Amino acid sequence: MTQWERLQQLDTVYSQRAFDLYNGDEFPMDVRHYLAHWIEGQDWERASRDSSQAAFLFQVLLENLDNQFSRFAQERDSFLLQRNFRRYKQNFQKYQEEPYTLATIINWFLVKEKGILNDAELAQQVQTLQVQPAAMELESQRQVEKRLKDLKTKVEVMEHSIRCLEEQQDEFDFKYQTHLMDSCTAEEKKKQLEGLQKMLNAVDNCRRNFLSDISAILNAADVLCSALIDEELVEWKRRQQKSCIGAPDDTSLEHLEKWFTQIIECMFQLQMFLQKLDELVGKMTYENDPIPVQKPPLQSRVDTLLTHLIKSSFVVENQPSMPQGRGLLVLRTNVQFSVKVRLLYKVPELNHVMKVTVSVNKFRKFNVLGTLSKALNMAESMNGGMVADFRHLVSTSSLSLSVTEELHRITFQTQFDYQGLSVPLETSSLPVVVISNSSQQQSAWASVLWFNMLCPDPENVKFFETSPAATWPQFGEMLSWQFLSCGKRCLHNDQLETLAIKLFGKQQSYDNCKISWTKFSKENLPDTNFTLWVWLDGILNLVKLYLSDLWSDGSIMGFVSKGKERLLLKKKQNGTFLLRFSESIKDGGITFSWVQYANDGTPSVHTVKPFTSTDLKQIALPDILCNFRIMVAENIPVNPLCYLYPNTPKDQAFGKYYSEKTEEENPYLKYLKTKLVFVSKE
């Protein structure tokens, strides 16, 4: 998705800012819109400094304007745009001698757009962790709603039509029987037969139209069924898969349940109409009657659609999880776990009727014990859905499972019997990793992350035999979700770039950079004895257990190189400090560095030894920052930390987290509660 497309999807406040940005004439919004892909693919920052590059891009821009003008010329309704693009090209000609000026202007607009996007992302993180309904694929939902409404209307019309057809047939039958019993002249008989023939023709025409209308409705239902099963349901399953590894995606089933219920009800009504046709044929048929010929294929189409819809409506609503587990889809032998399935066709008549049974891939090395059969019911759902909530299942194995790359699926089966239709139903969980002891949780969760980040096919339990590499955008997004889950805040662009540089070195763009499963979870980082995942997981645990508030409010810079850290701090006032994660601590560490100026004004940056979970378990980081001291001349303890980068007073940033009063609030504190900390010279 281009930056321009992302701007158009923002809430009103931020989209208005983008609109206001292009309110002037320096760089027309139409040009930005129609040439978005090309504009964002160029290095305008470099062109603003490189005259030859600027001249080249200037000429290509003019060519693109000409091409767009030609496209508009072929479209009837694009006269104004055609005229505008001619004017835009004329206006851009003034940069012929100084094309780098235009490059500077375009670069300025792109930077401003990024600022708007960053502000919108930050606001979204602050307001909520869940994707709001307004941010979902509203257009596709509106299309489904519209098609469903049209379908229901057509079915209602058919209900009236079948009654009219029945009345016509009854009237014909009455007059035909009267004709047979009537003793009248041959002439009158002839007239009666002519009248009866007209009535029969009308009945025949009605039957043919009715069958044709059913066929048309089934065509519309086919399209709707495809949109529902192949698009909406597939997208929901992918959202659910991503949400299992921390993505803040909406996984509610209310829309899908409503849509499945409505279209299945329409199909059952069509089935009743076809049954009614059988009744009508039983009462009366004739030569070239269309019903015996056309009804069977229509019945087959209805049954096929109904079967497909009902089979697709059986889903796993809540994926397997342990109450105190590391995350979803990691199960430990002999430890209880829960999972919930749901039938998206909500029909009260089947409440407590359909029994769901649980099983595991037969060729796998573990079993599931507990209540393995349960009825779909409405009592266990908050909104009255048809669910079976298995809360007390236990996985067992006679082997010591040590391979955390082995994937298993839990399968659920039931039988649907309703209104003469009998359909066996089956659905399966996303692949789970089964471990036998807690030391395997870390590597098991790595497997769950990697699979659900990269594999859209939940049936691929042999995924790790040939595991693909992840692109940096995929990996960075997944990693950002982990911090959102642990600390209620995603990684921002600077933090992601720091990690990208650590992995790939400095690059113009990281979009095509890839990281393998081996590099993520098996190879040690340079100059360490631990892997990338072990390091990141240690930091995530530290955030989750001890730093979630500080991470959530943005106090922790987190990922920043030592070189950049010094560069940032040396530009700030004395006592400015920042918080970053240690790169050398296996199980997660956080440190802080501050700038101090000598008498001659020379800045120096000092860093304290990283604090680990062992330290933070004893004293919270805000209290460490509050009470931190170094020894200066004459052995006077001084707190060198004054301003959280860039310029927030320390007590303003952390005061609400202090467990004790500050020195200003309690003058005796400095004598009663002092803690000397020696700072490394690094």
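Predicted model, so just to flag it, every value in this text is computed and none were measured.

**Some thoughts on the overall build of the protein**
Then comes step 1: When you go through the protein residue by residue, the secondary structure sums to 22 helices and 19 strands.
Then comes step 2: Within the span of the protein, comprising 682 residues, buried residues form 45% of the whole.
Then comes step 3: A sequence separation of at least 24 residues applies to 69% of the contacts in the protein between residues at least 6 apart.

**Comments concerning the confidence of the model for the protein**
Then comes step 1: Confidence in the prediction of the protein, expressed as mean pLDDT, is 85, and 89% of residues score 70 or more.
Then comes step 2: Below pLDDT 50 for its whole length, residues 128-136 participates in 13 contacts with residues either more than four positions away or in separate chains.
Then comes step 3: Scored below 50 in pLDDT, residues 676-682 makes 18 contacts in the model with residues more than four places away or belonging to other chains.

**As for the environment of Asp-119**
Then comes step 1: Examined against the element boundaries, Asp-119 turns out to sit in helix α8 (residues 99-127).
Then comes step 2: Judged by relative accessible area, which is 34%, Asp-119 ranks as partly exposed.
Then comes step 3: For the pair Asp-119 and Tyr-14, spaced 105 residues apart in sequence, the C-alpha separation works out to 8.3 Å.
Then comes step 4: Beyond its immediate sequence surroundings of up to four residues, Asp-119 is in contact with Tyr-14 and Arg-17.

**As for the pattern of salt bridges**
For side chains bearing opposite charge, pairing can occur when the charged atoms are close.
Then comes step 1: Taken as a whole and judged by the stated rule, the model has 23 salt bridges.
Then comes step 2: The salt bridge partner of Arg-342 is Glu-317, with a shortest N-O separation of 2.9 Å. Of this pair, Arg-342 sits in strand β3 (residues 336-343) while Glu-317 is found in strand β1 (residues 314-321), placing the two residues 25 residues apart along the sequence.
Then comes step 3: Among the residues examined, Arg-342 registers a relative accessible area of 1% and is labelled buried.
Then comes step 4: The salt bridge involving Glu-565 is made with Arg-580; its shortest N-O contact spans 2.7 Å. A residue pair is termed long-range when its members are at least 10 positions apart, and Glu-565 in helix α18 (residues 562-569) and Arg-580 in strand β13 (residues 576-581) qualify at 15 residues.

**Some points on the sheet that holds strand β9 (residues 421-428)**
In sheet architecture, strand pairing relies on hydrogen bonds along the backbone and comes in two forms, parallel and antiparallel.
Then comes step 1: In spatial order, the strands read β6-β4-β8-β9; together these four strands make up an open sheet with antiparallel pairing. The open sheet has two edge strands, β6 (373-375) and β9, and neither has a second partner. Neighbouring strand axes in the sheet, compared pairwise and without regard to direction, differ in orientation by 25° on average.
Then comes step 2: Judged from the eight bridges that link them, strand β8 (residues 410-418) and β9 form a sheet pairing that is antiparallel.

**Quick notes on a nonpolar patch on the surface**
Then comes step 1: Among the surface-exposed residues, Val-632, Ile-636 and Val-638 lie close enough to one another that they form a single nonpolar patch of about 200 Å² accessible area.
Then comes step 2: Its location among the elements puts Val-638 in strand β17 (residues 637-638).

**Some details on the UniProt feature "coiled-coil region" (unreviewed entry) in the protein**
Then comes step 1: Within this structure's numbering, the places UniProt gives as "coiled-coil region" (unreviewed entry) are residues 141-168.
Then comes step 2: For residues 141-168, helix accounts for 100% and strand for 0%, while the C-alpha atoms at its two ends are 41 Å apart.

**Description of a negative patch on the surface**
Then comes step 1: Negative charge collects at one region of the surface, where Asp-182, Glu-187, Glu-188 and Glu-194 lie side by side.
Then comes step 2: Of note, Asp-182 is situated in the loop between α9 (138-181) and α10 (186-243).
Then comes step 3: The partly exposed category is assigned to Asp-182, whose relative accessible area is 31%.

**Focus: helix α13 (residues 441-454)**
Then comes step 1: Spanning 14 residues, α13 covers 20 Å between terminal C-alpha atoms, matching the ideal 20 Å at 1.5 Å per step.
Then comes step 2: What α13 keeps buried is the set Gln-441, Ala-444, Trp-445, Ala-446, Ser-447, Val-448, Leu-449, Trp-450, Phe-451, Asn-452, Met-453 and Leu-454.

**Comments concerning the pairing of β1**
Then comes step 1: Of all eight residues in β1, seven are buried, a share of seventy percent or more.
Then comes step 2: Sheet topology places β1 next to β3; five bridges connect them, and they run antiparallel. Looking at the pairing, Asn-318 lines up with Lys-340 of β3.

About the thresholds
- Numbering of residues starts from 1 in each chain and follows the order in which that chain's sequence is written.
- Local features in this predicted model are restricted to residues of pLDDT 70 or higher, and side-chain atom pairs are both shown and tallied only at a pLDDT of 80 or more, whereas totals for entire chains, interfaces and linings draw on every residue.
- For the side-chain quantities, the full set of heavy atoms in the structure was used; hydrogens and water were omitted.
- Only DSSP runs of H or I covering at least 4 residues are called helices, and only runs of E covering at least 2 are called strands; the numbering of each starts at the N terminus.
- Only protein chains enter the accessibility calculation, which uses a 1.4 Å probe; a residue is then buried when its area is under 20% of its type maximum, exposed when over 50%, and partly exposed in between.
- It only takes one pair of heavy atoms within 4.5 Å for two residues to be counted as in contact.
- One confidence number per residue, pLDDT, is output by the predictor and ranges from 0 to 100.
- Salt bridge criterion: a side-chain nitrogen from Lys or Arg within 4 Å of a carboxyl oxygen from Asp or Glu.
- Being paired, for any two strands, means DSSP has found at least two bridges between them.
- Here an angle of 0 to 180 degrees is reported between the N-to-C directions of two axes, which are lines fitted to C-alpha atoms, with helices fitted over the stretch in contact.
- Patch criteria: residues need more than 30% relative accessible area and no salt bridge. Like-charged residues are merged within 9 Å; nonpolar side chains of Val, Leu, Ile, Met, Phe, Trp and Tyr are merged within 5 Å.
- The accessible surface values rely on the Shrake-Rupley method and a 1.4 Å probe; as for residues, cover is taken only from the protein chains in view.
- UniProt positions are given in the numbering used here, feature names are shortened, and annotations may be inferred rather than shown by experiment.
- Only four residue types enter the charge count: Lys and Arg as positive, Asp and Glu as negative, with His and the chain ends excluded.
- Charge coordinates come from a single atom per side chain, which is NZ of Lys, CZ of Arg, CG of Asp or CD of Glu.
- How far a helix is expected to stretch is found by multiplying one less than its residue total by 1.5 Å.

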